[in-house]
Amino acid sequence: MNDWNTWAERELSGLRAINRYRELIAFDGDGPIGTVRGQRVLSFASNDYLGLACHPQVKLAAISAIERFGTGATASRLIVGTRSLHGELESQLAQWNLSERALVFSSGYLANLGVLTALGEQDVTLFSDELNHASIIDGCRLAKARTLIYRHLDLQHLRELLSQTSGRKIVVSESVFSMDGDTAPLPALAELCCDHGALLVLDEAHAALGPKLAPTPGLQVLHVGTLSKTLGALGGFVAGSSRLIELLINRARNFIFTTGLSPADTAAALAAARICQSQEGDQLRARLRSLIDMLRPGHASAIVPIILGEDAAALAASAQLRAAGIHVPAIRPPTVPKGTARLRVALSASHTEAMLDSLRGALARLDSIPSHQLEHA
Ligand SMILES: Cc1ncc(COP(=O)(O)O)c(C=O)c1O
């Protein structure tokens, strides 16, 4: 008889043997300082880039929404799950993204899946950057469309693939890449999409500091974003033309067949979006920019990778930092390509200069970091 527990243990042992085992570690805290297994740690792991997950106004908005609407949306948006808050948030996100309309999903992961499966029909070709996030990869896999992968940020390669392909085309790329923190050349990408009549699906999950796509005449674009990082809540969204959003409402199975976004998350994201668009938002972004420059001057985003190569090296460096009271996660395949395991430092406006000094000191004391990786860190 097959024993599933024996099988699972064998699989887990295999993962441990190749340094790919993952475990859940509880971080208790509000902001970058907290405790892990009773030890006080300073975290550089969260994607709360502007520190809004702990902002008093954002917290209060979530609490008030629970008081008014209850804890859950209680049904799919198309059944009885839509609340006035969803409409308010969607209007705000549409306006922010210079789009006619927006639609929220239960996560950014589901937003990518929804767009790519709803639009990626059999006669479509999807063109995807090789370092796109797992949610894009999975969306491409689930879509009926054929997928062509182009080399990371290699627009010449993309151009060749687009030229060799007929029929309807969708180009999908992140604007800021989640594990490298580098950015796509948006004007050139937009121009290429226009030249080939391709729809651009741009995932801006990590674009706390931009880059922003300038309005481009003739470009057809859908912006995918998340409520779970800069906006400090949980959920995702797609913004674009009214017609395409209307089609997603009718076709995206992971929108139709799931319960609407919770009132608390919707209200928190709305409050956070309003802060982002205010003067306070400008101040938080300026603060984040100056912290990035302390660690790696001129780096394009709040994600600072320190590439170490082997999985074991990344795990050892992360453990050494943890022992020094600093939490920086080790990122291993399949999240990143084999041989490029790394530390991923994520900065937030809620960090202080003193916290950055502690991080720099701890990084400098690490045994295993090649000196060129530390040049600016
Ligand atoms: C580029 C990118 N897109 C989408 C997502 C998914 O967003 P969410 O965490 O809201 O599901 C992530 C999250 O890690 C991401 O890095």
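Numbers given to residues run from 1 along each chain, matching the order in which its sequence is written. Residues qualify for local features only when their pLDDT is at least 70, as the model is predicted, and side-chain atom pairs are given and counted only at 80 or more; totals for whole chains, interfaces and linings, by contrast, use all residues.

Turning next to the pairing of strand S7 (residues 168-174). Labels follow a simple rule on C-beta atoms placed from the backbone: if 20 or more others lie within 10 Å of a residue's own, it is buried; if 12 or fewer, it is exposed; otherwise it is partly exposed. The helix and strand labels rest on DSSP assignments: H or I over at least four residues marks a helix, E over at least two residues marks a strand, and numbering proceeds from the N terminus. Where burial is concerned, most of S7 is hidden: six out of the seven residues are buried. Note: two strands are recorded as paired if DSSP finds a minimum of 2 bridges between them. Pairing of strand S5 (residues 124-129) with S7, which is carried by five bridges, proceeds in the parallel orientation. Its bridge partner lying in S7, Phe127 is registered against Val171. In this structure, S7 lies alongside strand S8 (residues 199-203), joined through five bridges in parallel fashion. Its bridge partner lying in S8, Val171 is registered against Leu200.

It is worth spelling out the site of the ligand at this point. Each residue receives a C-beta atom built from its backbone; the residue is near a molecule or strand if that atom lies within 6 Å of it. The environment of the ligand is formed by 14 residues, the closest being Ser107, Gly108, Ser178, Thr226 and Ser228. Take the shell around the ligand: its biggest share by element is three residues, from helix H5 (residues 108-119). Side-chain classes are defined by residue name, with Ala, Val, Leu, Ile, Met, Phe, Trp, Tyr, Cys and Pro counting as nonpolar, Asp, Glu, Lys and Arg as charged, and the others, Gly among them, as polar. Split by residue class, the shell around the ligand holds two nonpolar, 10 polar and two charged.

On to the sheet that holds strand S6 (residues 146-150). Ordered by their spatial adjacency, seven strands build an open sheet running S4-S10-S9-S8-S7-S5-S6, and the pairing between neighbours is mixed. The outermost strands of the open sheet, each flanked by one partner alone, are strand S4 (101-105) and S6. Sheet twist, expressed as the mean angle between neighbouring strand axes with direction ignored, is 20°. For S4 and strand S10 (residues 236-240), the ladder comprises five bridges, and the chain directions are antiparallel. For Ala102, the partnering residue across the bridge sits in S10 and is Ala239. Working definition of a contact: two residues with C-beta atoms, positioned from the backbone, lying within 7 Å. Angles run from 0 to 180 degrees between N-to-C directions of axes, and those axes are lines fitted to C-alpha atoms, restricted for helices to the stretch in contact. Contacts from H5 reach S4, S5, S7, S8, strand S9 (220-226) and S10 within the one sheet, and its direction differs from that of S10 by about 45°. This element, helix H9 (residues 242-251), spans S4, S9 and S10 of the sheet and lies at about 25° to S4.

Here we come to the packing of helix H7 (residues 155-163) against helix H8 (residues 186-195). It is the contact of H7 with H8, at a shortest axis distance of 11 Å, that shows an interaxial angle of 10°. On the basis of their axis angle, the class for H7 and H8 is roughly parallel. Facing H7, whose interface residues are Leu155, Leu158, Arg159 and Leu162, H8 presents Ala188, Leu189 and Leu192. Of the residues that constitute the contact of H7 with H8, the class distribution is six nonpolar, no polar and one charged. To sort the angles, those under 35 degrees are grouped as roughly parallel, those over 145 as roughly antiparallel, those from 65 to 115 as roughly perpendicular, and the leftovers as oblique.

Take the nonpolar core next. If you look at the biggest cluster of nonpolar residues, it comprises 108 residues, and the most contacted ones within it are Val115, Leu200, Phe237, Val238, Ala268 and Ala272. Counting residues per element, this core draws most heavily on helix H11 (residues 263-276), at nine residues. Taken together, domain 1 (24-49 + 302-374) and domain 2 (54-276) each give at least three residues to this core, which thus spans both. Beyond its immediate stretch of four places on either side in the chain, Val238 contacts Ala102, Leu103, Ala111, Gly114, Val115, Leu222, Val224, Ile245 and Leu248. Throughout this description, the term nonpolar core refers to a group of buried Ala, Val, Leu, Ile, Met, Phe, Trp, Tyr and Cys residues whose C-beta atoms join them within 7 Å. For the purposes of this description, domain bounds are those given by an automatic or database domain assignment.

Let us look at the domain arrangement of the chain. One frequently used descriptor of interface size is the decrease in accessible area upon assembly of the parts. Here the chain is described as being made up of domain 1 (24-49 + 302-374) and domain 2 (54-276). Taken over C-alpha atoms, the centre of domain 1 sits 28 Å from the centre of domain 2. Residue contributions to the side of domain 1 that touches domain 2 peak at three residues, all from strand S11 (residues 303-309). The class makeup of the residues in the side of domain 1 that touches domain 2 is seven nonpolar, four polar and three charged.

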